[in-house]
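# What the coordinates show
Read off the chains here:
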Amino acid sequence: MIILLALALWSAAFWCHECLQPRTRAAFPHQTQSVHVKQIVRALAPCVALIFCLRLDTALGILYWLGLGSAAGLGTSMLMAMLKHKRGLARMSKPPL
Amino acid sequence: MRETLRVHMGWLHSWVGFLAGLVLACIFASGTLAVFDTEITQWMQPEAPLTQGTALTPAALQAATQAVQAEENKGLSAFITLPSQRDPVLRVLHYDGYEFIGDVLNPETGDAFPVRETAGGQFFYNFHFSLRGGSLPGVQLVTFLGLCLLVAIGSGLVIHIKGLWPDLILFRPFGARPRAWVDAHLIAGVLFLPFILFMAYTGTAIHARVLLPAQPFFPAHHAKTHKKEPTVPKGRVLQAGPLSPPLTPLIAQARDTLHSPDGNLVLFTTDEVRIFKSDAFGPFLTRDHVDFSRKDGHFLRSVTQNPPAVKTLQLVRGLHYARYAPPLLRWLYFLSGLAGTALMASGLIVFLMKRRRSSGEKLLFRLAEALTMTTVVGFPVATLGLFWANRCLPAALSGRAFIEIDLFFALWGLCATHALLMSLTRHAAPGWRQQLGFLAGAGCALPLLDLVSHSHTWVHGATVFMSMDALAFLSGLIALYATLKLRGPAA
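The present account deals with the structure reproduced in this document. Because the structure is a prediction, the values reported are computed rather than measured.

## Observations concerning the overall build of chain B
Scanning chain B for helices and strands turns up 16 helices and seven strands. In terms of overall size, chain B behaves like a compact globule, its C-alpha atoms giving a radius of gyration of 25 Å where 491 residues would be expected to give roughly 23 Å. With respect to the three principal axes, the spread of C-alpha positions in chain B is 75 × 60 × 45 Å. When burial is assessed residue by residue, chain B has 48% of its 491 residues classed as buried. Restricting to contacts in chain B with at least 6 residues of sequence separation, those with at least 24 account for 70%. Entry remark: accessible area of chain B is about 23,400 Å², with carbon and sulfur atoms responsible for 68%. Charge-centre separation for chain B: the mean point of 40 positive side chains lies 14 Å from the mean point of 30 negative side chains.

Written as structure tokens, this is what we have:
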């Protein structure tokens, strides 16, 4: 349960991070208030996830935290890519190489 | 100035990354599989039932010591691994020059299970740190490549430093094909950077001595002063010791002293019985042990090492070997290892993509493409071939462990030959498709083979068999997807 929670927190942080980037902001417009909320979530969610992981296992908590962060980042990036593809924004990118 | 640095670093990253990456991808892939080396061995020895909670009896230990004695009479140095939660059987193992192999005993009765001879997951472990090339040049080469990986990571960070924060999770798999590969390379590298960095660092640090030995490389000046005494080859004994006293009370005493409730290692010298602390308890990979007399079983000494330098090395080893890791953390190691492999494989492909047009597809480029194909597709094909060989070869075949491994290298060699032929005749694209198609077939059909071979029941240890089969099937599906994508026009 704690592991899932930590994973969700990391995912939320990555999601907010991507939403705050100018390229995504243009695709998913939102209000100024929500920008502040996203900035707070981006900053706090990983810290809370770390506390959970350390509570789960003091010695190995940091390893769980790092591993779950990487896994959550991978999952979020794929989800974001699929959402952008659905909205027809997948090819909005820098010129290749 | 800064741009010049990036350009220089780009050159360094490309060439060091490509040349080292050809082998590093295989090292990372085998290391990823070695995270589950015990489980792979269990899959490859399906005759041994994985019944949890079987109590270890004195009769079983007596049978194990007799098996050790029998091995010593053959000149082999054998040891016992006691049952643990992860591996609930009693094993009597010896070193065959590459792997630890041997009998599997029932921890209750001491009867030997009629398991097939196989190197199991130990093969990937050995390949990971030595490329099966021994200490020299195998370990030396792997350690040097670890240094190259650190250089590639450092230069990669300098190149990507500007985009590190904004492009943290940017992935465009539906974009133009080169961009998608660059994104895959970056996302694997950035998100899994802590893991890849500490694996590269700890892996290099563990064997740093082979690159910077305490003795000079050229021992000519010392040869006159020190006359080397003849030593026993690793894994061999000159003479068998006496039959060991009953192990049950010794193990109980050692476990109490070492605070290690299960899964210990019992080693035998001609005079002593040494019981080692299990690696499963904590990230420090210690070699603490309690020694008893082999003649009458009386306590000799307890050896624990606590100096800060030793503890640091124990932690470095422990974090790298991950033998302490509970199942979830083991899966995270596995996922991170896969990401590291993907980082290197995608890096190789990006290197080729960037140079395909500018090189005019000259001989060297075609050779580079063949080598990349051999690494990216050939290694997984050979790995699946090893699993196929394990199920297809007769279980009672003599020397089948070596035959399995020979088949692995033969298959990899065939993939390399095929890749070379196709690339040099300017048919690289069909070559990729054919090898990927073969990989897809081998991966998707492995669970079916496991099912029809009737080599095991699905009552005990079903998780091991199902996970292995599912992973093979998944790798087949990924290969199939890649094959289908390669049939379409480049985006």
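## Regarding the overall build of chain A
Helices and strands together make up the secondary structure of chain A, namely four helices and zero strands. For chain A, the proportion of its 97 residues judged to be buried stands at 41%. For chain A, the share of sequence-separated contacts (at least 6 apart) that also reach a separation of at least 24 residues comes to 67%. Of the roughly 5,500 Å² of accessible surface on chain A, a fraction of 70% belongs to carbon and sulfur atoms.

## Quick notes on unusual backbone geometry
Residue and element names in this part refer to chain B. Following L136, the chain continues into P137 via a peptide bond in cis, with omega recorded as 5°. Secondary-structure assignment places P137 in helix 5 (residues 134-160). Non-glycine residue H259 carries a positive phi angle of around 55°. Relative to the helices and strands, H259 is located in the loop between helix 10 (247-258) and strand 4 (265-268).

## Topic: the pattern of salt bridges
Evaluated as defined, the whole model comprises 21 salt bridges over all chains. The salt bridge partner of D37 of chain B is R86 of chain B, with a shortest N-O separation of 3.5 Å. Taken together, the residues span a long stretch of sequence, with D37 of chain B in helix 2 (residues 37-44) and R86 of chain B in the loop between strand 1 (78-81) and strand 2 (90-95) at a distance of 49 residues. Each of E18, R23 and K84 of chain A together with D167 of chain B takes part in a single network of salt bridges with overlapping partners.

## Some details on the packing of aromatic side chains
All names here are of chain B. Overall, the coordinates contain 30 aromatic pairs over all chains when judged by the stated rule. Geometrically, the ring pair formed by F123 and F127 is tilted, given 6.1 Å between the ring centres and 40° between the ring planes. Of this pair, F123 and F127 both sit in helix 4 (residues 122-130), four residues apart, which is roughly one turn of that helix. Across the pair, F127 and F123 agree in class, each one buried. In this arrangement the basic side chain of R132 is found over the ring face of Y98, its NZ or CZ atom lying 3.8 Å from the centre. Residue placement shows R391 over the ring face of W43; its charged tip is 3.8 Å from the ring centre.

## With respect to the interface of chain A and chain B
At the junction of the two partners, chain A supplies 31 residues and chain B supplies 30 residues. Summed over both sides, the interface of chain A with chain B buries roughly 2,800 Å², with 75% coming from carbon and sulfur. Taken together, chain A and chain B are joined by one salt bridge. R23 of chain A is the salt-bridge partner of D167 of chain B, the closest N and O atoms lying 2.9 Å from each other. At the boundary of chain A with chain B, the tally comes to four residue pairs in polar contact (both at pLDDT 80 or more).

## Some points on empty space enclosed by the protein
Take a probe with the size of a water molecule and roll it over the atoms, and the empty space left behind shows itself. All told, the structure shown has two cavities of 30 Å³ or more when counted by the stated rule. Computed from the structure, the largest cavity encloses a volume of approximately 120 Å³. In terms of lining, the largest cavity is formed by L63, L66, G67 and S70 of chain A together with P194, F195, F198, L329, L332, Y333 and S336 of chain B. For the lining of the largest cavity, the secondary-structure elements that each account for two or more residues are helix 4 (61-86) of chain A together with helix 7 (193-206) and helix 12 (327-359) of chain B. For the lining of the largest cavity, the class distribution of residues is eight nonpolar, three polar and no charged. Taken as a whole, the second largest cavity holds about 30 Å³ of empty space. In terms of lining, the second largest cavity is formed by E18, S77, M80, A81 and K84 of chain A together with I169, L170 and F171 of chain B. Broken down by element, the lining of the second largest cavity gets its largest block of residues, four residues, from helix 4 of chain A. For the lining of the second largest cavity, the residue count by class is five nonpolar, one polar and two charged.

## Regarding the packing of helix 13 (residues 363-392) of chain B against helix 15 (residues 428-452) of chain B
Residues and elements named next belong to chain B. Contact pair helix 13 / helix 15: the axes reach a minimum separation of 10 Å and the direction vectors enclose 20°. As far as their axial angle goes, helix 15 and helix 13 are roughly parallel. Note that helix 13 runs across helix 15; the crossing there is left-handed. Tallied by class, residues from the contact of helix 13 with helix 15 come to 18 nonpolar, five polar and three charged.

## Concerning the pairing of strand 4 of chain B
Residues and elements named next belong to chain B. Alternating positions in strand 4 separate cleanly, V266 and F268 being buried on one face and L265 and L267 remaining unburied on the opposite face. Pairing of strand 1 with strand 4, which is carried by three bridges, proceeds in the antiparallel orientation. Within the sheet, the bridge partner assigned to T81 lies in strand 4 and is L265. Judged from the four bridges that link them, strand 4 and strand 5 (residues 272-276) form a sheet pairing that is antiparallel. Within strand 5, the residue paired with L265 across the bridge is F276. In this antiparallel pair of consecutive strands, strand 4 and strand 5, the connection spans three residues.

## Looking at helix 11 (residues 308-321) of chain B
With 14 residues, helix 11 of chain B ought to run about 20 Å at 1.5 Å a step, and its terminal C-alpha atoms sit 20 Å apart, in line with that. Buried residues of helix 11 of chain B: Q314, V316, G318, L319 and H320 of chain B, and no others. Close packing links the buried residues of helix 11 of chain B with helix 4 of chain A together with helix 4, helix 7 and helix 12 of chain B. A positive backbone phi angle near 55° is found at A322 of chain B, which sits one or two residues after helix 11 of chain B.

## Thoughts on a nonpolar patch on the surface
Residues and elements named next belong to chain B. On the surface, L363, L364, L367, L371, L420 and L424 cluster together to form a nonpolar patch covering roughly 540 Å² of accessible area. Of all the elements, helix 13 adds the most residues to the nonpolar patch, at four residues. With respect to the helices, strands and loops of the structure, L364 is situated in helix 13.

## Focus on the layout of surface pockets
All names here are of chain B. Put simply, the second largest pocket is a space of about 1,200 Å³. Contributing to the lining of the second largest pocket are 43 residues, with H13, I159, V182, H185 and L186 lying nearest its centre. For the lining of the second largest pocket, the element with the most residues is helix 1 (residues 2-34), which contributes 10 residues. Taken together, the residues that form the lining of the second largest pocket break down as 23 nonpolar, 11 polar and nine charged.

Cut-offs applied
Residues numbered from 1 in each chain as written. Chains lettered and ligands numbered in written order. Predicted model: local features only at pLDDT ≥ 70, side-chain atom pairs only at ≥ 80, totals over all residues. Heavy atoms only, no water. Helix = DSSP H or I, 4+ residues; strand = E, 2+ residues; numbered from the N terminus. Rg over C-alpha atoms; globule rule 2.2 N^0.38 Å. Buried < 20%, exposed > 50% of the residue type's maximum accessible area, 1.4 Å probe, protein only. Contact = heavy atoms within 4.5 Å. Areas by Shrake-Rupley, 256 points an atom, 1.4 Å probe, with all protein chains shown as cover. Lys, Arg positive; Asp, Glu negative; His and termini not counted. Charge placed at Lys NZ, Arg CZ, Asp CG, Glu CD. Salt bridge = Lys/Arg side-chain N within 4 Å of Asp/Glu carboxyl O. Phe/Tyr/Trp six-rings, centres within 6.5 Å; stacked < 30°, edge-to-face > 60°. Lys NZ or Arg CZ within 6 Å of the ring centre and 35° of its normal. Buried area = accessible area lost by both parts, 1.4 Å probe. Polar contact = N/O pair within 3.5 Å; in protein donor to acceptor, adjacent residues only side chain to side chain. 1 Å grid on protein atoms, 1.4 Å probe; cavity = no way out; pocket = protein on both sides within 12 Å on 5 of 7 lines; lining within 4 Å. Points joined across faces, edges and corners; volume = space filled by probe spheres on them. Nonpolar A, V, L, I, M, F, W, Y, C, P; charged D, E, K, R; others polar. Axes fitted to C-alpha atoms, helices over the stretch in contact; angles between N-to-C directions. Parallel < 35°, antiparallel > 145°, perpendicular 65-115°, else oblique. Left-handed = near helix turned anticlockwise from the far one by under 90°. Pairing = 2+ DSSP bridges. Expected span 1.5 Å × (residues − 1). Patch = residues over 30% accessible without salt bridge, like charges linked within 9 Å, V, L, I, M, F, W, Y side chains within 5 Å.

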